[in-house]
Amino acid sequence: MEMPLISVKNLKKYFNMFQSKEMIRAVDGISFDIYEGETFGLVGESGCGKSTTGKLILRLLNPTDGEVLLNGDNILKYNRKKFRKLRKDLQIVFQNSSSVLDPKMFAYDILVEPLILHKIVPRYELNEEVDRLLDMVGLPKSSKRKLPNEFSGGQKQRLIIARALATRPKFIICDEPVSSLDVSIQSQILNLLVKFQNEYSLTYLFIAHSLNVVRHISNRVGVMYLGKIVEIGSNKEIFKSPTHPYTKALISAFPNLEEKKFNEEKLILKGEVPSPINIPTGCSFHTRCPYSYGKCKKEEPELMEITKGHYVSCFLIEKNL
Amino acid sequence: MEKILDIKDLKTYFYIDDKVVHAVDGVSFSINMGEIVSIIGESGSGKSVTAYSIMGIIPKPYGKIKSGRILFKGEDLLQKSEKELTKIRGNKISIVYQEPMNSLNPRLKIGYQLMECLMIHKKMKRKEARKNAIEMLKIVNIPDPEKRYNSYPYELSGGMIQKVMIAMALICKPDLLILDEATTALDVTTQAEILSLVEELKQKYNMSILLITHDLGIVNQIADRVIVMYGGKVLESLPINEITKEVLHPYTIGLMKCIPKIEEKKDVLYSIKGYIPDLNSRFELCPFHERCEKKVEICDNYMPKLVEIKKDHLVRCLLYSEEVEKNYGNASN
């Protein structure tokens, strides 16, 4: 079997709480593989630990427990110096906001910084390289001398993508890259991401909460709920035959253009996402699950493979078998 | 059918330094009793400013309603004094804002903020108002309303606060409810819950709703009629059952194609070229003409009018105006 590019094993991140012994279990033992050249989508409601997972893989946060393997090598064991060399292969595109770009740096400086730090091109070629990067993402050359606040939302996002591509990475984490953009701009950015993936054979971890975007861009999808992965499968499996009740609810709650009005069949979840401080015992979804029964409250379901590559953690599978 | 709100040629401009921003530029539409009308458009298209104009809460002194009429039940809201408006706002017309976290007073208990509306508008006594407030919290499906009554906004999640905001907007049983991107900041599951709640309450109180959003999916699920805005102007107005089949304006068509569909997967998404225009310069031409794919020569020097193509379906585009068919037809011949 092909070796995955990134392999996450039993990754955990607990945050301490102020003046309290309780922990916020943001990410609670997740495992998944990302193969070279694919896009792995991660969906879930806010607060389910999607972004934390992204940050843990890049070691922007230190995990409590678990392993992140890059080509079979545990990168969490690397020391600072060694990891820094690796950083140029792993990049991140954050959700578009002014906080991601230094408001006092010109676009030129923003793009040049990674080029110098990682010695990507010799100094006399810097100018050309910046022009090339701007051209790649469809920004005019004149924008070199602009400050971030002079760009519109979509243009800022293009600049952020250009910055991520500057170091010629192999793997990019896209953390909600389009969620704050208008639909017409959103499709431009998505097309750009797909274009670069084909040209430079990039691998993406695509984190988003809008399902149609994930459906569009991903090859495989993981669904997260309260720090755990409840279902992993290919794009088709997740969207055509969702198995976990939470996945079903997410998909049916998504307002789409094809279907008219809320009907009886739609699965509308009642109640709130429980707080990650005291996660319910047993299956963490049982408090909102319309199909939960006795066992769900006591035991915790494991991820089980139902068809090849399609994993679900739910007791209902057992019941049907 | 009786019209509850009738807006005619509304123009709201902002004067900043020496620039004039033409945020809303000649918008006309009406809402019938018990109807859900939705305004869609990208950011900067003037949706929210339209809503603020109705409520009379345009930030002063920068913003100014230049001209137009806003008839609410036959009375012009723009002619009313601030005192008279106060009696209407929150009572007859109420609004739910986009960011629920920022719209509640963080230092007051939720219960008090709910009660305040009743005490001011309905002249209720504290005790009675409290009873009504708790009742309202129950209606919007907030678990444990007695306890939540004494909570502060920071103690609740985003979805819960939005429900409180809806409760607050509905507590005086308004005739018109404006939802200004009310579900944009929420998760899909919460969004679905709130939308079904809104629809249920609409039936219950026989309200009219003005739904402002940029999500075509939501519109398709609950609205009766859609108004497409762009650059401060209405480009198209159509009944909901035509949105999947018979959209006419190139912008609306583009917008529909831009959205990735959950049912099918494509390799390349359609995208509208260019960016949303700056509203500083007033549009003498069609606001969309720079990005339009179906642009013809005349678009460079002609402002199309909003014409009714068929019943309830209005379009502002040269392609559909008879005048042009005549002129352009001749020119091409």
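Model, not experiment: these values are computed from the prediction.

1. Some words on the pattern of salt bridges
Working step 1: Enumeration according to the criterion identifies 20 salt bridges over all chains in this entry.
Working step 2: Close ionic contact of arginine 25 of chain A with aspartate 28 of chain A constitutes a salt bridge, the shortest N to O distance being 3.4 Å.
Working step 3: For arginine 25 of chain A, a relative accessible area of 26% translates into the label partly exposed.
Working step 4: Across the pair glutamate 82 of chain B and arginine 89 of chain B runs a salt bridge whose closest N-O atoms are separated by 2.8 Å.
Working step 5: Residue classification places glutamate 82 of chain B among the partly exposed positions, given a relative accessible area of 46%.
Working step 6: Residue arginine 89 of chain B is classed as buried on the basis of its relative accessible area, which comes to 19%.
Working step 7: Connected via shared salt-bridge partners are Arg25, Asp28, Lys228 and Glu300 of chain A.

2. Quick look at the environment of leucine 104 of chain B
Residue and element names in this part refer to chain B.
Working step 1: Tracing the sequence through the fold places leucine 104 in the loop between helix 3 (100-103) and helix 4 (110-121).
Working step 2: Looking at leucine 104, the relative accessible area reads 4%, which means it is buried.
Working step 3: Counting along the chain gives 60 residues from leucine 104 to valine 164, while the straight-line C-alpha distance between them is 9.2 Å.
Working step 4: Contact partners of leucine 104, with chain neighbours within four places excluded, come to Gln113, Pro153, Ile161, Val164, Met165 and Met168.

3. Examining the layout of surface pockets
Residue and element names in this part refer to chain A.
Working step 1: A volume near 720 Å³ is recorded for the second largest pocket.
Working step 2: Forming the walls of the second largest pocket are 25 residues, and the residues nearest its centre are Leu60, Arg87, Gln91, Leu117 and His118.
Working step 3: When residues of the lining of the second largest pocket are traced back to their parent elements, those giving at least two are helix 2 (80-87), strand 6 (90-93), helix 3 (107-117) and helix 5 (153-165).
Working step 4: For the lining of the second largest pocket, the leading source of residues is helix 2, giving five residues.

4. Observations regarding empty space enclosed by the protein
Where empty space is left can be seen by rolling a probe of water-molecule size over the atoms.
Residues and elements named next belong to chain B.
Working step 1: With the rule as written, the count across this model stands at seven cavities of 30 Å³ or more.
Working step 2: In this structure, the largest cavity occupies an estimated 90 Å³ of space.
Working step 3: Looking at the lining of the largest cavity residue by residue, the classes come out as ten nonpolar, two polar and two charged.
Working step 4: Counted as a void, the second largest cavity has a volume near 60 Å³.
Working step 5: If you trace the second largest cavity, you find it lined by Leu179, Glu181, Ala182, Thr183, Thr184, Ile194, Leu195, Val198, Leu211, Ile212, Thr213 and Ile218.
Working step 6: If you list the elements that add at least two residues to the lining of the second largest cavity, you get helix 8 (188-205) and strand 8 (208-213).
Working step 7: For the lining of the second largest cavity, a count of residues per class yields eight nonpolar, three polar and one charged.

5. Observations concerning the state of the cysteines
Working step 1: All told, the structure shown has zero disulfides over all chains when counted by the stated rule.
Working step 2: Residue cysteine 283 of chain A stays outside any disulfide, its sulfur separated by 5.7 Å from that of cysteine 296 of chain A, the closest cysteine.

6. Details of a positive patch on the surface
Working step 1: On the surface, a cluster of positive charge is made up of Lys92, Lys122, Lys173 and Lys204 of chain B.
Working step 2: For lysine 173 of chain B, the location among the structural elements is in the loop between helix 7 (158-170) and strand 7 (176-180).

7. Regarding the pairing of strand 4 (residues 63-72) of chain B
All names here are of chain B.
Working step 1: Two strands pair when backbone bridges link them, and strand 1 (residues 3-16) and strand 4 are joined in this way by eight bridges, in the antiparallel orientation. If you follow tyrosine 13 over to strand 4, its bridge partner there is lysine 64.
Working step 2: Here strand 4 runs beside strand 5 (residues 75-76); their pairing, made up of two bridges, is antiparallel. Bridge assignment links phenylalanine 72 to a residue of strand 5, and that residue is glutamate 75.
Working step 3: Where strand 4 folds back onto strand 5 in an antiparallel hairpin, the turn is made up of two residues, including lysine 73, whose phi is positive at roughly 50°.

8. A closer look at the interface of chain A and chain B
Working step 1: Residue-level contacts link 43 residues of chain A with 50 residues of chain B.
Working step 2: Note on chain A versus chain B: buried area summed over both sides is about 4100 Å², and carbon and sulfur give 54% of it.
Working step 3: Linking chain A with chain B are eight residue pairs in polar contact (both at pLDDT 80 or more), by the criterion used here.
Working step 4: Elements that contribute at least two residues to the side of chain A that touches chain B include exactly helix 5, helix 6 (183-200), helix 7 (211-217), helix 8 (235-240) and helix 9 (245-253) of chain A.
Working step 5: The element that contributes the greatest number of residues to the side of chain A that touches chain B is helix 6 of chain A, accounting for nine residues.
Working step 6: Across the side of chain A that touches chain B, the residue classes break down as 15 nonpolar, 15 polar and 13 charged.

9. Description of the nonpolar core
Working step 1: Formed by 70 residues in total, the largest nonpolar core has its most connected members in Leu159, Ile161, Phe196, Phe206, Leu211 and Tyr246 of chain A.
Working step 2: Per-element accounting of this core gives the leading share, seven residues, to helix 6 of chain A.
Working step 3: Setting aside anything within four residues of it in sequence, one finds tyrosine 246 of chain A in contact with Gly44, Glu45, Val223, Met224, Tyr225, Val230, Leu269 and Phe285 of chain A.
Working step 4: With 67 residues, the next largest nonpolar core counts Leu170, Ile194, Tyr205 and Tyr251 of chain B among its residues.

10. A few points about the pairing of strand 6 (residues 93-96) of chain B
Residue and element names in this part refer to chain B.
Working step 1: Burial along strand 6 is two-sided: Ile93 and Ile95 and Ser94 and Val96, pointing in opposite directions, are all buried.
Working step 2: Note: strand 6 against strand 7, four bridges, orientation parallel. From the neighbouring strand, valine 96 faces strand 7, where its bridge partner is leucine 179.

11. Quick notes on the confidence of the model for chain A
Working step 1: Averaged over every residue, the pLDDT of chain A is 87; the share at 70 or more is 95%.
Working step 2: Helix 11 (residues 315-320) of chain A is the least confidently modelled element of chain A, averaging 77 in pLDDT, while strand 8 (residues 203-207) of chain A averages 94, the highest of any element.

12. Considering the sheet that holds strand 12 (residues 313-315) of chain B
Within a sheet, each strand pairs with its neighbour through backbone hydrogen bonds, oriented either parallel or antiparallel.
Residue and element names in this part refer to chain B.
Working step 1: If you walk across this open sheet you meet the eight strands as 6-7-8-3-9-10-12-11, and the pairing is mixed. Whereas interior strands pair on both sides, the edge strands pair on one side only; in this sheet they are strand 6 and strand 11 (307-310). Neighbour-to-neighbour, the strand axes of the sheet open up by a mean angle of 20°, direction not taken into account.
Working step 2: In the sheet, strand 11 pairs with strand 12 via three bridges, with the strands oriented antiparallel. Following the sheet pairing, lysine 310 is matched in strand 12 by histidine 313.
Working step 3: Seen against the sheet, helix 1 (residues 47-55) touches strand 3 (36-40), strand 6, strand 7, strand 8 and strand 9 (225-230) and runs at an angle of roughly 145° to strand 6.

13. A word on the confidence of the model for chain B
Working step 1: When pLDDT is averaged along chain B, the result is 85; 94% of the residues meet or exceed 70.
Working step 2: Model confidence for the complex: the whole-complex pTM is 0.84, and ipTM, which rates the interface, is 0.78.

Basis of the calculations
Residues numbered from 1 in each chain as written. Chains lettered and ligands numbered in written order. Predicted model: local features only at pLDDT ≥ 70, side-chain atom pairs only at ≥ 80, totals over all residues. Heavy atoms only, no water. Salt bridge = Lys/Arg side-chain N within 4 Å of Asp/Glu carboxyl O. Buried < 20%, exposed > 50% of the residue type's maximum accessible area, 1.4 Å probe, protein only. Helix = DSSP H or I, 4+ residues; strand = E, 2+ residues; numbered from the N terminus. Contact = heavy atoms within 4.5 Å. 1 Å grid on protein atoms, 1.4 Å probe; cavity = no way out; pocket = protein on both sides within 12 Å on 5 of 7 lines; lining within 4 Å. Points joined across faces, edges and corners; volume = space filled by probe spheres on them. Nonpolar A, V, L, I, M, F, W, Y, C, P; charged D, E, K, R; others polar. Disulfide = S-S within 2.5 Å. Patch = residues over 30% accessible without salt bridge, like charges linked within 9 Å, V, L, I, M, F, W, Y side chains within 5 Å. Areas by Shrake-Rupley, 256 points an atom, 1.4 Å probe, with all protein chains shown as cover. Lys, Arg positive; Asp, Glu negative; His and termini not counted. Charge placed at Lys NZ, Arg CZ, Asp CG, Glu CD. Pairing = 2+ DSSP bridges. Buried area = accessible area lost by both parts, 1.4 Å probe. Polar contact = N/O pair within 3.5 Å; in protein donor to acceptor, adjacent residues only side chain to side chain. Core = buried A, V, L, I, M, F, W, Y, C linked by side-chain atoms within 4.5 Å. pLDDT = per-residue confidence, 0-100. Axes fitted to C-alpha atoms, helices over the stretch in contact; angles between N-to-C directions.

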